[in-house]
Amino acid sequence: MKNENNKSISKKGQLEISFNWIFILLAGGAILIFFIFVITKESDQSSDITNYQIVKRMDSLLAAVEQNPLVMKDLGHLSSKIDFACQDGLHVYALKEGKNNPELKTQLVFTPESLGDARLWAWTKDYGAPYPVSSLLYLSDSKTLYVFQKDSFVITELYENFADNFTKLNAEISFIRNMKDTGINKYILVVSKLGYQALRNNMGSSIRSKITFVVIDDTNPSLYPGKVAFYKYRTAAPYSIDDNTPGVDYESPYTSEEMLYGAIVTGDKSLYECIINKLMKKNVVVDRINTMRLKALEPKFSSLDICRTFMGGYTISVIQEKTTRAQGFIDDTNDWYIDFYDRVKELERTRNEMLRQGCPTLY
Amino acid sequence: MRKKGQIQNMESISVMIIIAILIVLGIVFGFNQRTADLKIQRTEIKEIDATGIALKAGGLKEIKCSSAVDSGAVCFDYYRLKAISEISIPDEPEYYEYYYGLFKKSQITVNMIYPDADAETITMYEYADSTDQNVSTSYFPVIVYEPVTKKNVFSIMEIRVYS
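All of the points below concern the structure found in this document. All of these numbers come straight from a predicted model, not from anything done at the bench. (Residues numbered from 1 in each chain as written. Chains lettered and ligands numbered in written order. Predicted model: local features only at pLDDT ≥ 70, side-chain atom pairs only at ≥ 80, totals over all residues. Heavy atoms only, no water.)

**Examining the side chain of Thr255 of chain A**
Reasoning step 1: Mapped onto the elements of the fold, Thr255 of chain A is located in the loop between strand 12 (251-254) and helix 5 (257-266).
Reasoning step 2: Residues contacting Thr255 of chain A, with those up to four places away along its chain left out, are Tyr224, Pro225, Phe329, Tyr337, Phe340 and Tyr341 of chain A. (Helix = DSSP H or I, 4+ residues; strand = E, 2+ residues; numbered from the N terminus. Contact = heavy atoms within 4.5 Å.)

Quick look at the structure:
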């Protein structure tokens, strides 16, 4: 009897002990799950907030520079890294910890493919074609080095007008050839066709993976309009320069200094073209507004008034042709960028004549 | 002995219940706190948005006065303003989409008030579904220039941001 009682007590004790353990496991598990849930939510939110803040910051920066164009702004040290890319024709950026790649829908921002872990600088320029279209924002950091070839007069001039606070260098071919890695993240070498030929097989292997060549044809009497070529080294062995892959077009068009600086700052063909596509879309919008304005202005003048001739069919047809060229600016099997440039020049002449005749001007 | 065991079980269960209550209270408190924070953040963001939208609208190159006109203030060309109001509508999706990307859920109107007190009001942009209740409104002075009569009209740009 005593034995049986002892047995039942020890069973009860075992039951109590295991109940306590189950309780600890359940309660502990619930608390753990709760905190994991809260922490995950918080980190998701903070990443979303960071994304949102970056877009807002760029947005407000752009809005502010629209009011004060031609400025250079120190944006301080950016501790995180942001990558910019063109994905399926969309201009997107990605934070390392970000899950999605938000799109820069309307912002006309030229940046290298990667920014951050360095001091950030912003530079702006007004772009017109020929009437004002938009302010363009150029962002770069202290670890992106722009090297302009000194032996070329045209490229040296580009160097002189380039953003003062961007990390830049005007150097001769012999110097560029012997450059060593000094902790720079990206080297963008702005060279002539001849300069490129001299450098393409002679760059030091330590910095090859960080180099992009932006090649400008400096032999034309005028730099505008023109085409700029982008060449990089292959990322896999034998790490040779990628400038001869069949079916690959390495060149992109430009018609103004603002666009050419865009090509230099991005140092990447697809990124540059993505932003140029957005700029051309804006051109189409601005063309439409100016066409409507001319149509509204025309009846305000009598048929004998010289001003009426500027508001009529000819000017409107030039604007419409320019719109068509803008829509095919990048996909240019017909070199429409040259036509685009010609229409801009034609509208410039019309505007000057309007001004001379004392008429309301085109811009 | 049995009673002691029962008391111990009851103790464990009540501890579990108290912990559950504390966790629930913590969740409710945390949730309320977060909601309150978000409300404050949302108000702040809306105010910043209104200012940002005003800056963007004021800086739109496509409606600015010609460079030959120096008004010394934010100056809109009357005919460009009229043109933008006609294309930034849902019936013109190509253009509406562009301006939606800039101004999102907002309405921007320019009220021309001086020298003609009953002069017109031009809606530069209007979000298609502007039936939302929460609106924050900001006002900014601008000049509207009529290039034929060469007249400057003092105007107020009204920005309504919907939540």
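**Considering the sheet that holds strand 4 (residues 135-146) of chain B**
All names here are of chain B.
Reasoning step 1: With mixed pairing, the 5 strands of this open sheet are ordered in space as 1-4-5-2-3. On the outer flanks of this sheet lie strand 1 (75-77) and strand 3 (121-126), each paired with one strand and no other. Neighbour-to-neighbour, the strand axes of this sheet turn through a mean angle of 30°, independent of strand direction.
Reasoning step 2: By the bridge criterion, 5 bridges tie strand 2 (residues 106-114) to strand 3 in an arrangement that is antiparallel. (Pairing = 2+ DSSP bridges. Axes fitted to C-alpha atoms, helices over the stretch in contact; angles between N-to-C directions.)

**Digging into the pattern of salt bridges**
Residues and elements named next belong to chain A.
Reasoning step 1: Inspection of every chain in the model, using the stated rule, returns 26 salt bridges over all chains.
Reasoning step 2: A salt bridge links Arg119 to Asp74, with the nearest nitrogen and oxygen atoms 2.5 Å apart. Pair noted here: Arg119 is in strand 4 (residues 114-128) and Asp74 is in strand 1 (residues 72-87), with a separation of 45 residues, a long-range link.
Reasoning step 3: You can call Arg119 partly exposed: its relative accessible area is 38%.
Reasoning step 4: For Arg308, the salt bridge goes to Glu298, with nearest N and O atoms at 4.0 Å. Here Arg308, found in helix 7 (residues 306-311), pairs with Glu298, found in the loop between helix 6 (269-297) and helix 7; they are 10 residues apart in sequence, far enough to count as distant.
Reasoning step 5: Put simply, Glu113, Lys186, Lys232 and Asp268 are held in one network by salt bridges that share partners. (Salt bridge = Lys/Arg side-chain N within 4 Å of Asp/Glu carboxyl O. Buried < 20%, exposed > 50% of the residue type's maximum accessible area, 1.4 Å probe, protein only.)

**Considering the packing of aromatic side chains**
All names here are of chain A.
Reasoning step 1: Applying the stated rule across the entire model yields 27 aromatic pairs over all chains.
Reasoning step 2: An aromatic cluster of at least three residues, connected via ring pairs, comprises Phe110, Trp123, Tyr138, Tyr146, Phe148, Tyr159, Phe162, Phe166, Phe230, Tyr261 and Tyr272.
Reasoning step 3: Sitting over the face of the ring of Trp336, Arg325 holds its NZ or CZ atom 5.1 Å from the ring centroid.
Reasoning step 4: Directly above the ring of Tyr363 sits Arg351, whose terminal nitrogen or CZ lies 4.6 Å from the centroid. (Phe/Tyr/Trp six-rings, centres within 6.5 Å; stacked < 30°, edge-to-face > 60°. Lys NZ or Arg CZ within 6 Å of the ring centre and 35° of its normal.)

**Observations regarding the nonpolar core**
Reasoning step 1: Membership of the largest hydrophobic core comes to 108 residues, with the highest contact counts inside it found for Ile264 of chain A together with Tyr99 and Met124 of chain B.
Reasoning step 2: Sort the elements by how many residues they give to this core and helix 6 of chain A lands first, with 13 residues.
Reasoning step 3: With residues near it in sequence (within four places) discarded, Met124 of chain B still touches Ala57, Leu60, Ile63, Phe76, Leu81, Ile84, Ser85, Ser88, Ile108, Thr109 and Val110 of chain B.
Reasoning step 4: Core analysis: the next-biggest nonpolar cluster, separate from the first, contains 22 residues, Val147, Ala171, Tyr187 and Phe213 of chain A among them. (Core = buried A, V, L, I, M, F, W, Y, C linked by side-chain atoms within 4.5 Å.)

**Some words on the interface of chain B and chain A**
One frequent convention defines the size of an interface as the accessible area lost when the parts assemble.
Reasoning step 1: Opposite the 43 residues of chain B that make contact, chain A presents 44 residues.
Reasoning step 2: Where chain B abuts chain A, roughly 3800 Å² becomes buried across the two surfaces, and 63% of that area is made up of carbon and sulfur atoms.
Reasoning step 3: Where Arg293 of chain A meets Asp77 of chain B, a salt bridge forms, and the shortest distance between an N and an O atom there is 3.0 Å.
Reasoning step 4: Applying the counting criterion to the chain B and chain A interface returns 7 residue pairs in polar contact (both at pLDDT 80 or more).
Reasoning step 5: At the level of secondary structure, the elements contributing two or more residues to the side of chain B that touches chain A comprise helix 1 (2-59), helix 2 (78-87) and helix 3 (93-103) of chain B.
Reasoning step 6: Considering every element that reaches the side of chain B that touches chain A, the biggest residue donor is helix 1 of chain B, with 19 residues.
Reasoning step 7: For the side of chain B that touches chain A, the class distribution of residues is 21 nonpolar, 10 polar and 12 charged. (Buried area = accessible area lost by both parts, 1.4 Å probe. Polar contact = N/O pair within 3.5 Å; in protein donor to acceptor, adjacent residues only side chain to side chain. Nonpolar A, V, L, I, M, F, W, Y, C, P; charged D, E, K, R; others polar.)

**Structural notes on the layout of surface pockets**
Reasoning step 1: The space that makes up the second largest pocket amounts to roughly 630 Å³.
Reasoning step 2: As for the second largest pocket, its lining consists of 26 residues, of which Lys105, Asn277, Lys278 and Lys281 of chain A together with Glu97 of chain B are closest to the centre.
Reasoning step 3: Mapped onto the lining of the second largest pocket, the elements with two or more residues apiece are strand 2 (90-95), helix 6 and helix 8 (313-327) of chain A together with helix 3 of chain B.
Reasoning step 4: When residues in the lining of the second largest pocket are grouped by element, the largest group, 8 residues, is from helix 6 of chain A.
Reasoning step 5: For the lining of the second largest pocket, the per-class residue count stands at 12 nonpolar, 6 polar and 8 charged. (1 Å grid on protein atoms, 1.4 Å probe; cavity = no way out; pocket = protein on both sides within 12 Å on 5 of 7 lines; lining within 4 Å. Points joined across faces, edges and corners; volume = space filled by probe spheres on them.)

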